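Residues per chain, in single letters:
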Amino acid sequence: MYFRRAGTDRFDAPEDLTNKVSLASSARLIKRLSLSAVLSAGLMVTAMTPAEAAKTALNLGMSVEPTGLDPTIAAPVAIGQVTWQNVFEGLVTIDRAGKVQPQLAKSWEISADGLTYTFKLQTGVKFHDGEAFDAAAAKFSLDRARGADSVNPQKRFFASITSIDTPDAETLVLHLSAPTGSLIYWLGWPASVMVAPKTAADDKVTPIGTGPFKFASWTKGDRVELSRNDDYWNKDAAAKLDKVTFRFIADPQAQAAALKSGDLDAFPEFAAPELMSSFDGDARLITKVGNTELKVVAGMNNAKKPFDDKRVRQALMMAIDRKTVVDGAWSGLGTPIGSHYTPNDPGYQDMTGVLPYDVEKAKALLDEAGYPNGFTFTIKSPQMAYAPRSAQVMQAMFAEIGVTMNIEPTEFPAKWVQDVMKDRNFDMTIVAHAEPLDIDIYARDAYYFNYRNPAFNALMKKVQETADPAAQNAIYAEAQKILAEDVPALYLFVMPKLGVWDKKLKGLWENEPIPSNVLSGVYWEE
């Protein structure tokens, strides 16, 4: 905090007798000058107080450092948590309520047969390097995402697009091979952001978008810095902060210490639920418990014995007391689930009662499946705190039905991705799936569960063939029931969004309909 302090005014009585000043007059003059000096200093301090209070920089903490900064070429959610809606924008966006809103496309029309989408684009928009955003740039972005050599983590979003027309600079037309009811929603995701044709290849390390913040620097292993985009096209949503620094701190104790010392202003996804109470009574910090899409599931290799037998999978599910898992893994902060769906999602059904905790029934199912004495297997557990904690609680529960589960710590993401996603070299694993409405992963070919169910796949196809929300919700309800009964994964709980930040900081999202740190509306209260 800086302010200027007034100096001392000195009055020397004049020696020229022709301009004599009486002692009384001198005293009055001194008093007036001294008072003037004091008032002047006071006015300077008072005038600067609002400026001092109106901070324009933010230090924000994250547990995981992104592997790159381009969400269109890699899947880890930390990428989007730094750059989505800050550096990069999409044709549409998803707001804090989970609703689709216009963005670089100001409007759109869908043909009656659901096969043609016509977007009217914003005008006067430029990328951070000065390149114009127009229909050609939008076509480039989507062609790059859907192309044969695309590495986009959500390439499936664009699979139904057969061709793209650009009648003029403000019009983008998508032609589809089949109706795709979720397309508009998917176009709001980080994987669907618009990139500049001239610089897209370098976005992994030097991201250039159209957003309210520009990329400033990346110090690997420590921080990413963004600065305000003074030329941002949307004046109504211009950034209120001049600078944002993302600090990467994996250790929960260090996260808490950085918050309490003031080194960090906010930690929107605090990683240690057991430390949340340590902020109680803090004069500067507040805590928030919001909702997320983070579904903690223990996925099984359904193509490998004994997990290829539904009765075994059901037995393991019935051996688990979900509430005890939440208590042991996440200090009671979480919502038990019985399918790959959260209470935030449209058409949510509580499926926890389909295979409730019942040790005796679990034993009977194992006996029926040919494992009266249980069996032994290994769970590959990534290092994120929720995973080993959940695994340890499950290990004790499985022992009660005669099943031995060994826990193998597995580095995330590199080794986990290689062993689980690529090589399928695993029995069981545990991970929090962060994507909203991603129940369709069980219909994807070659997904790590190795689960195949034609009836479920047909539902996922059917849900895209309709844009009617009520019809979609009914289909999602059927899909949830299939997963709850088939149990390709053990459905545990939804993690809450645990936030800790300065009381004077306003505008952060308390809930997380999509993994993000949207900062354009964040400001310091004076």
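It should be emphasised that the depicted structure is a prediction, and the values quoted were computed from it without experimental measurement.

Novice: Sorry, what's going on with the overall build of the chain here?
Specialist: Of the regular secondary structure elements, the chain holds 12 helices and 22 strands. Per-residue burial over the chain gives 49% buried out of 526 residues. Considering only residue pairs separated by 6 or more positions, the chain has 70% of its internal contacts joining residues 24 or more positions apart. Put simply, the chain shows about 23400 Å² of open surface, and 52% of that area lies on carbon and sulfur atoms.

Novice: So what exactly am I meant to see when it comes to the environment of Phe307 here?
Specialist: By secondary structure assignment, the location of Phe307 is in the loop between β13 (295-299) and α6 (310-318). Residue Phe307 is classed as buried on the basis of its relative accessible area, which comes to 0%. Linking Phe307 and Pro488, residues 181 residues apart in sequence, is a C-alpha distance of 8.4 Å. Ignoring anything within four residues of it in the chain, the contact list for Phe307 reads Met300, Asn301, Asn302, Arg313, Leu316, Phe375, Phe377, Asp427 and Met428.

Novice: Any chance you could explain the packing of helix α7 (residues 322-330) against helix α9 (residues 386-399) here in plain terms?
Specialist: Geometry of a packed helix pair, given as the angle between the helix axes and the separation of the axes. Closest axis-to-axis distance for the α7/α9 pair is 8 Å, and the angle between their directions is 135°. As summarised for this structure, α7 and α9 are arranged oblique, according to the angle between their axes. Pair α7 / α9 crosses with right-handed handedness. Across the interface between the two elements, Thr324, Val325, Gly328, Ala329 and Trp330 of α7 pack against Tyr386, Arg389, Ser390, Val393 and Met397 of α9. Grouping the amino acids of the contact of α7 with α9 by side-chain chemistry returns six nonpolar, three polar and one charged.

Novice: I keep staring at the pattern of salt bridges and nothing clicks. Help me out?
Specialist: Side-chain pairs of opposite charge can arise whenever the charged atoms involved come near each other. In total, this model carries 27 salt bridges according to the counting rule given. Among the salt bridges present, the one from Asp502 reaches Arg284, with a minimum N-O distance of 3.3 Å. On the criterion of sequence distance, the pair formed by Asp502 in strand β20 (residues 497-502) and Arg284 in the loop between β11 (266-267) and β12 (285-290) is long-range, its members being 218 residues apart. With relative accessibility at 8%, the residue Asp502 sits in the buried group. Among the residues examined, Arg284 registers a relative accessible area of 25% and is labelled partly exposed.

Novice: Even after reading the chapter, I still don't get the sheet that holds β13, so can you show me in this structure?
Specialist: Strands pair in a sheet through their backbones, by hydrogen bonds, and they do so in one of two ways: parallel or antiparallel. Strand order in the open sheet formed by four strands is β14-β19-β13-β18, with antiparallel pairing between adjacent strands. For this open sheet the edge positions go to β14 (335-336) and β18 (431-433), each flanked by a neighbour on one side alone. Of the pairings in the sheet, the one linking β13 to β18 comprises three bridges and is antiparallel in character. Counterpart to Lys295 in the pairing with β18 is His433.

Novice: Before we go on, may I ask you to explain helix α8 (residues 359-368) in this structure?
Specialist: Residues spaced three or four apart along an α-helix point in a common direction, a consequence of the helix completing one turn every 3.6 residues. Within α8 the residues assigned to the buried category are Val359, Ala362, Leu365 and Leu366. The arc that holds every buried residue of α8, seen down its axis, measures 120°, which confines them to one face. The outward face of α8, more than 90 degrees from its buried face, is lined by the exposed residues Glu360, Lys361 and Glu368. Residues of α8 that are buried make contact with α6.

Novice: I keep staring at the packing of aromatic side chains and nothing clicks. Help me out?
Specialist: Applying the stated rule across the entire model yields 26 aromatic pairs. With a centroid separation of 6.4 Å and an interplanar angle of 70°, the aromatic rings of Tyr442 and Tyr491 are classed as edge-to-face. Of this pair, Tyr442 sits in the loop between β18 and α11 (454-464) while Tyr491 sits in strand β19 (residues 489-494), and the two are 49 residues apart along the sequence. Residue Tyr491 is classed as buried on the basis of its relative accessible area of 1%.

Novice: Please explain the side chain of Asp265 as it appears in this structure.
Specialist: Mapped onto the elements of the fold, Asp265 is located in the loop between α5 (252-261) and β11. A distance of 2.8 Å separates a polar atom in the side chain of Asp265 from the backbone nitrogen of Asn59. Excluding anything up to four places from it in sequence, Asp265 contacts Lys55, Ala57, Leu58, Asn59, Leu259, Val500, Trp501, Asp502, Leu505 and Trp524.

Novice: Which parts of the structure should I look at to understand the side chain of Thr342?
Specialist: With respect to the secondary-structure elements, Thr342 resides in the loop between β14 and α8. Judged by relative accessible area, which is 0%, Thr342 ranks as buried. Once residues within four sequence positions are removed from consideration, Thr342 is found in contact with Thr292, Glu293, Lys295, Tyr348 and Val494.

Novice: Would you take a moment to explain the pairing of strand β16 (residues 404-410) for this structure?
Specialist: Sheet faces and side chains relate simply in a regular strand, where the side chains alternate between the two faces. Both strand β15 (residues 376-382) and β16 contribute to a ladder of seven bridges, which runs parallel. By the bridge assignment for β16, Phe377 is matched with Met405. In this fold, β15 hands off to α9, which returns the chain to β16; that crossover is right-handed.

Conventions adopted
- Residues numbered from 1 in each chain as written.
- Predicted model: local features only at pLDDT ≥ 70, side-chain atom pairs only at ≥ 80, totals over all residues.
- Heavy atoms only, no water.
- Helix = DSSP H or I, 4+ residues; strand = E, 2+ residues; numbered from the N terminus.
- Buried < 20%, exposed > 50% of the residue type's maximum accessible area, 1.4 Å probe, protein only.
- Contact = heavy atoms within 4.5 Å.
- Areas by Shrake-Rupley, 256 points an atom, 1.4 Å probe, with all protein chains shown as cover.
- Axes fitted to C-alpha atoms, helices over the stretch in contact; angles between N-to-C directions.
- Parallel < 35°, antiparallel > 145°, perpendicular 65-115°, else oblique.
- Left-handed = near helix turned anticlockwise from the far one by under 90°.
- Nonpolar A, V, L, I, M, F, W, Y, C, P; charged D, E, K, R; others polar.
- Salt bridge = Lys/Arg side-chain N within 4 Å of Asp/Glu carboxyl O.
- Pairing = 2+ DSSP bridges.
- Arc of directions from axis to C-beta.
- Phe/Tyr/Trp six-rings, centres within 6.5 Å; stacked < 30°, edge-to-face > 60°.
- Polar contact = N/O pair within 3.5 Å; in protein donor to acceptor, adjacent residues only side chain to side chain.
- Right-handed = clockwise from strand over helix to strand, strands pointing away.

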